[in-house]
Amino acid sequence: MAGKGVFKEILDGDVFKYYVDGEWRRSCSGQFINVQNPSTRKPMFRVQACTQDEVNRCIDSAKAAQKIWARTPLWKRAEALHRCAAIMKEQKAPIADCLVKEVAKALKDAVVEVVRSGDLLSYTAEEGIRILSEGKFLVSDPFPGNERNKYCLSSKIPLGVILAIPPFNYPVNLAVSKMGPALIAGNAVVLKPPTQGAVSCLHMVHTFHLAGFPKGLISAVTGKGADIGDFLTMHPGINCISFTGGCETGIAISKKAGMIPLQMELGGKDSCIILEDADLELAATNIIKGGFSYSGQRCTAVKVVLAMECIADQLVCKVNAKLAKLTIGMPEDDCDITPVISETSANFIEGLVHDARHKGARLHQEWRREGNLIWPILIDHVRPDMRIAWEEPFGPILPVIRIKTVEEGIHHCNANNFALQGCIFTRSFDKAIMISDAMESGTIQINSAPGRGPDHFPFQGLRDSGVGSQGITNSINMMCKIKSTVMNFPAATYTMG
Ligand code: G3H
């Protein structure tokens, strides 16, 4: 069941262990969770169903290790991250193999995810050295009544224990994008992997183990949400939560978490506005890349095309021609469109398509589904009364709304609860800037599909798309607090002149 190429140290029979105190352990619950292969819809791996006591142990160990890690010189923390980056890239094959099997990511994209994570760690090490080694020096006399006899030194100190919860679609990369900044800033990390993606996450954690991070500083705890989900997010030992995943879960966590910093990325309905003067070939290429890569299961996927009526037929024709070239099949064969994550997800997507067809939308391709594999569809002439105009399918279906004015497009973009990214295609940068200014989303791309990377760019959602800003620099800053020391001197006794 475990498959070839796995790290044997993290296996117990055919069950993957959890990680605490620098060791791989079996849970005393004696219970396991099945990880399905989305392609075969059969159990692929098994992971431990950890108990609340085991979570307590992870957090206690993290607290103790963090105190020492916070005093470990920055250059040593950076060195450890560089070592881990190198090991992760060396071990890209077994980790990518797990991604193929448990989240049905095409092999080439799975390898990219692991390599990108290694690169992210290297940049984080460098960036951390720069921004964490700088503090601020302030003097007291800008305010009336103050002499220049108080000096304030402020610097960045770690928060403590960071709870990292990545999603199934980037279980490695979105875990590393939380762990790297947390660790360089002197924090400890408790990682709660998603069930689909858990084994890839555990392999990735083993690269941190091999890099020699101190015992207890990092732990990875797998388990049933009902048993340990709320227990983790409401635990008094957690000092910050960085979560990427579904909107409902994110909002629920926000309501339950205590007075701690939160970083949340919760999905999107990224609008793609195509003006009459756009390079339609470029727009069509980006609609395909943005809408259908990883079968549309990206929070930054293009999720609604808003095309000016006068060019819509031409654009749709180009998109259809490119869509016809996408390969559909299994992730092992590196197909462009692979099975979506679960049957529940496939059923949800099917519901959206049926709703749109029933209400009069035009499907340019026939509906076809085999298990969790869904053939890509461009859904044209979508109107606001259709669910697909507003909801996030997380699948290979893409609605096109034809607009008469650009204001109509901007209005549609701003009326959605999601506001992660958006994009505009036009040859006029003047127009693009003005439209970008009017679109209320976290990031607007001009003449390109939405995307999170490069990983040092700020990345944030407005409204229900999230809280806080990510990107390496912002994450490091977010995972620190400011500490000041104020030095008080006797008032000067001399006078000028
Ligand atoms: O799914 C959410 C990810 O943050 C999207 O990342 O734009 O690199 O695919 P990406």
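Look a little higher up for the structure.
Anyway, here's the lowdown on the structure attached to this text. If you're wondering where the values come from, they're calculated on a predicted model, not measured in any experiment. Throughout this description, residue numbers start from 1 for each chain and increase along the sequence as written. The model is predicted, so local features are restricted to residues of pLDDT at least 70 and side-chain atom pairs to those at 80 or more, both for listing and for counting; the totals for chains, interfaces and linings are taken over all residues. Computation of side-chain values: all heavy atoms of the structure, hydrogens and water removed.

## Observations regarding the overall build of the chain
- Strands are runs of DSSP state E lasting at least 2 residues, helices are runs of H or I lasting at least 4, and numbering of each runs from the N terminus. Scanning the chain from N- to C-terminus turns up 14 helices and 28 strands.
- Every radius of gyration here is taken over C-alpha atoms, with the globule rule written as 2.2 Å times N^0.38, N being the number of residues. Expected size for 497 residues packed as a compact globule is a radius of gyration near 23 Å; at 24 Å, the chain falls within 12% of this value.
- Burial statistics for the chain: of 497 residues in total, 58% are counted as buried.
- In this analysis, two residues are considered to be in contact whenever any of their non-hydrogen atoms come within 4.5 Å of each other. In the chain, the share of contacts with a sequence separation of at least 24, taken over all contacts with a separation of at least 6, comes to 71%.
- To be clear on the numbers: accessible area is Shrake-Rupley with a 1.4 Å probe, and residue cover counts the displayed protein chains and nothing else. Element-wise, carbon and sulfur atoms account for 56% of the exposed surface of the chain, whose accessible area totals about 20,400 Å².
- His is not counted, nor are the chain ends, whereas Lys and Arg count as positive and Asp and Glu as negative. Where a charge lies is defined by one atom per residue type, namely NZ (Lys), CZ (Arg), CG (Asp) and CD (Glu). Across the chain, the centroid of the 54 positively charged side chains sits 4 Å from that of the 51 negatively charged ones. Burial status follows relative accessibility: with a 1.4 Å probe on protein chains alone, a residue under 20% of its type maximum counts as buried, one over 50% as exposed, and anything between as partly exposed.

## Topic: the sheet that holds strand β8 (residues 150–158)
- A pair of strands is treated as paired once DSSP finds two or more bridges between them. Judged by pairing direction, the sheet is antiparallel, and its three strands sit side by side in the order β7-β8-β28 without closing on themselves. Across the chains shown, the open sheet's two edge strands, defined by having one partner strand only, are β7 (136–139) and β28 (480–488). Sheet twist, expressed as the average angle between the axes of neighbouring strands with direction ignored, equals 25°. Here an axis means a line fitted to C-alpha atoms, over the contact stretch when the element is a helix, while the angle between two N-to-C directions is reported on a 0 to 180 degree scale.

## Considerations on the nonpolar core
- For our purposes a nonpolar core is just a set of buried Ala, Val, Leu, Ile, Met, Phe, Trp, Tyr and Cys residues, chained together by side-chain atoms within 4.5 Å. By size, the foremost hydrophobic cluster in this structure holds 95 residues, and its most contacted members are M179, L183, M204, F208 and F213.
- Per-element tally for this core: the top contributor is helix α2 (residues 74–90), with eight residues.
- Counting only domains with at least three residues in this core, you end up with domain 1 (5–266 + 465–482) and domain 2 (271–446).
- If we ignore the near neighbours within four places in the chain, the residues touching M204 are M88, I95, V172, A175, V176, M179 and L191.
- In this structure, I273, V302, I401 and V406 belong to the second largest nonpolar core, which totals 57 residues. Domain limits in this description derive from either an automatic procedure or a database domain assignment.

## Description of the packing of aromatic side chains
- For Phe, Tyr and Trp, rings pair up if their centres lie within 6.5 Å, where Trp contributes its six-membered ring, and each pair is then called stacked (planes under 30 degrees apart), edge-to-face (over 60) or tilted (otherwise). Counting across every chain of the model gives seven aromatic pairs.
- When the centroid spacing of 4.7 Å and the interplanar angle of 40° are considered together, the rings of Y19 and W24 count as tilted.
- The class for W24 is buried, based on a relative accessible area of 11%.
- Each member of the aromatic cluster is reached from another via a ring pair, and the members are W69, F208 and F213.
- For K105, the ring lying beneath its charged end belongs to Y294, and the centroid distance is 4.7 Å. A ring is considered to have a charge above it if a Lys NZ or an Arg CZ atom is located within 6 Å of its centre and within 35 degrees of its normal.

## Section: the side chain of Q263
- For Q263, the location among the structural elements is in strand β13 (residues 262–265).
- What makes Q263 buried here is its relative accessible area of 1%.
- A polar contact of 2.7 Å, which involves the side chain of Q263, links it to the side chain of S242.
- Setting aside anything within four residues of it in sequence, one finds Q263 in contact with I241, S242, F243, V467, S469, Q470, S475, M478 and M479. Pairs of N or O atoms within 3.5 Å make up the polar contacts considered here, provided that, within protein, one atom can donate a hydrogen while the other can accept it, and that residues adjacent in sequence are counted only when both atoms are side-chain atoms.

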